[in-house]
Amino acid sequence: MAGVVASGFDGGSNKRMMRPRCLQVFREQRPGLFRVALGEREKRVIPTAERGLRVGDDRAEPGHAPPRANEGGGGGVLPPLELRHAERHDVRIEKRPGPLEYREQAAIDFRQRGLERLSIRAARERERLPSHLTEILFAPDRFQFRGARGREQALESCREPTEPANRIHARNVESAWILRYPIRRLNLASLMRRLAFLSAILSLSACSGASSGPIVLGLAGPFSQPRGVSMRRAADLAVKEINARGGIRGRPLELRIMDDSGRPDLAIRIAQQLVDDPTVVAVIGHLNSSASLAAGPIYGEARRPVVMITPSASSPDLSGINPFVFRACPSDLSHGAQLARYARHMLNARRVALMYLDDDYGRGLRLSFAGEFKRLGGEVIEEDPMLSTTSSLEPYVTRLKQSGGVDALVLATDLGGAQLALREMGRAGVHWTTLGGDALSGIEKSGPIAEGVRMSVAYLVDQAGDRNAQFVAAYARAYRGERPDHRGATSYDIVHLLANVLKDAGPDRRAVRDRLARVGRDLPPFEGVTGRIAFDDRGDVPSKSVVIGTVREGQLVTEPGQ
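Nothing here was measured: the structure is a model prediction, and the numbers come from that model.

Moving on, we come to the sheet that holds strand 6 (residues 253-259). The five strands are arranged 6-5-7-8-9 in an open sheet whose pairing can be described as parallel. This sheet does not close on itself; its edge strands, each paired only once, are strand 6 and strand 9 (325-327). Across the sheet, the mean angle from the axis of one strand to that of its neighbour is 25 degrees, orientation sign disregarded. Here helix 2 (residues 226-244) sits on the sheet in contact with strand 5 (215-221), strand 6 and strand 7 (280-284), set at roughly 165 degrees to strand 6. Of the strands in this sheet, strand 7, strand 8 (307-310) and strand 9 touch helix 4 (residues 289-301), which is tilted by about 160 degrees from strand 8.

Once that is clear, we can look at the pattern of salt bridges. This structure, assessed with the given rule, holds 21 salt bridges. In this structure, arginine 366 and glutamate 383 form a salt bridge, with 2.6 Å as the shortest nitrogen-oxygen distance. You can see arginine 366 sitting in helix 6 (residues 360-375) and its partner glutamate 383 sitting in strand 11 (residues 379-386), a full 17 residues away along the chain. Since its relative accessible area comes to 21%, arginine 366 is described here as partly exposed. Judged by its relative accessible area of 26%, glutamate 383 falls in the partly exposed class. Across the pair aspartate 384 and arginine 399 runs a salt bridge, and its minimum N-O distance is 3.1 Å.

Bringing the environment of glycine 362 into the picture now. As for its position among the elements, glycine 362 is in helix 6. The spacing of glycine 362 and aspartate 332 is 30 residues in sequence and 9.2 Å in space, taken between C-alpha atoms. Residue contacts for glycine 362: discarding those within four places in its chain leaves Tyr356, Leu357 and Ala412.

Before going further, it helps to examine the sheet that holds strand 11. Note on sheets: strands pair through backbone hydrogen bonds, and any given pair is parallel or antiparallel. One open sheet accounts for seven strands, arranged 11-10-12-13-14-17-18; its pairing is mixed. Looking at strand neighbours, the two that pair on one side only are strand 11 and strand 18 (555-558), the edges of this open sheet. With strand direction ignored, the average angle separating the axes of adjacent strands in the sheet is 25 degrees. By the bridge criterion, two bridges tie strand 13 (residues 433-436) to strand 14 (residues 454-457) in an arrangement that is parallel. Bridge assignment links leucine 435 to a residue of strand 14, and that residue is arginine 454. Lying over the sheet, helix 7 (residues 394-402) contacts strand 10 (351-357), strand 11 and strand 12 (408-412), oriented at roughly 165 degrees with respect to strand 11. Sheet strands touched by helix 8 (residues 415-428): strand 11, strand 12 and strand 13. Its angle to strand 12, the strand with the most contacts, is close to 150 degrees.

Procedures and definitions
Residues numbered from 1 in each chain as written. Predicted model: local features only at pLDDT ≥ 70, side-chain atom pairs only at ≥ 80, totals over all residues. Heavy atoms only, no water. Pairing = 2+ DSSP bridges. Helix = DSSP H or I, 4+ residues; strand = E, 2+ residues; numbered from the N terminus. Axes fitted to C-alpha atoms, helices over the stretch in contact; angles between N-to-C directions. Contact = heavy atoms within 4.5 Å. Salt bridge = Lys/Arg side-chain N within 4 Å of Asp/Glu carboxyl O. Buried < 20%, exposed > 50% of the residue type's maximum accessible area, 1.4 Å probe, protein only.

Written out as structure tokens, the structure is:
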């Protein structure tokens, strides 16, 4: 409380500046009027006849007392303030007040529930308030505030009660305490013991209630978009299968589904919500690289971090971002290198051009392909960036056509960008062999323009194995003949992998992370429908292989010769 003019506690109308830090607050009687103002920094002498409150020493009780000279300025100073009945209404100082002029700091006493007495006196026994304490706000019952004159600054009063507890607030102070217990003296050690006791009770209650409830897995991805459909469906299918077999130690699994639209800003917000939810023990997602890179630090650096396993974010920058981030798919280093080897050895391509989406995924795939292709003796004659909002690729296609064409065109784009490029090629009358990464999943449904497109994937529905055949059949039964893509198949594997981990480690977040990190190291790898999952110390799956699929009559099938 700084630079305060006290007036009218007994109905008086005089206003004078008050500068001391030596204050007392009582609550024996209800005040008639209280005015607060801020103004000049100089001390002023207040004549005894004009004082609404008497001047007294630190131990004076309310009432008349002989004046006391201010040691720094030689004038009379105002006495202890009598606030009386200070509760309920919040008071807000709109601008930062000037500093207090008196040299003593304050200690605070509370006696009964509610504000009984605030005594501001010489501090002792390390009971000092911070030197930068600029205001003390109480919730008064019947304070009235009026505009101040001259250089005095106006204060406001909230007329409606906001909270029943008395509140002390220090602007620009690192900690602000909410006092809700009837303690006789502000004792931080006692307060912390009480808070710890209550926290323990709440934790025990939560644990006892959660021991029979569902185990929750977060599922984050662009589920309002076609690329997120298979991911959500396959994860839900896996949860139903696990629950049909009795769940995890008798507790059912449950998905907390969050749509991030593939946007980094939404992914950050969703990650914070999932981290703050104490029932979430692990997160499956996010789907794309940009969203995963944005959300990964939130999951790993929280006060209670939680595991994130992405089924399809392939940016190399995600490797080792923090100990709580894993992925169950190969990185772009594997995709780009496999595409380059296929183009150079299987297609015998010498001249290629690159069109890439200018985001984490597109740049990563472009760099890994170009580096490997050049190492193998090929030439990359164009590397053209594009945005997801690009409406036409006609200039790129025309320039390539005029330069003599290419043996192959590599599209390090998403599905929309690839469809746009194929339409522009059709209008230009060129038919270059086209290759792309796993972000082109779904292009087989684009009609004749997609016929013959090659793409690198970590999973194809026609790959061998009884486990994959059972999954594909179950997916088709659940979703009317639909076929899963690599995102869905990997999400299905992640749910079953987490179920195995939860059976052994329980639903503790740290235990889940530690157990998961051992899979494929000192614990056996997980054999899923997409192949073997074995994590390295960076959270990657280096043993996962990449295959090339080709669009044939509306289906993506494994390219022979691999």
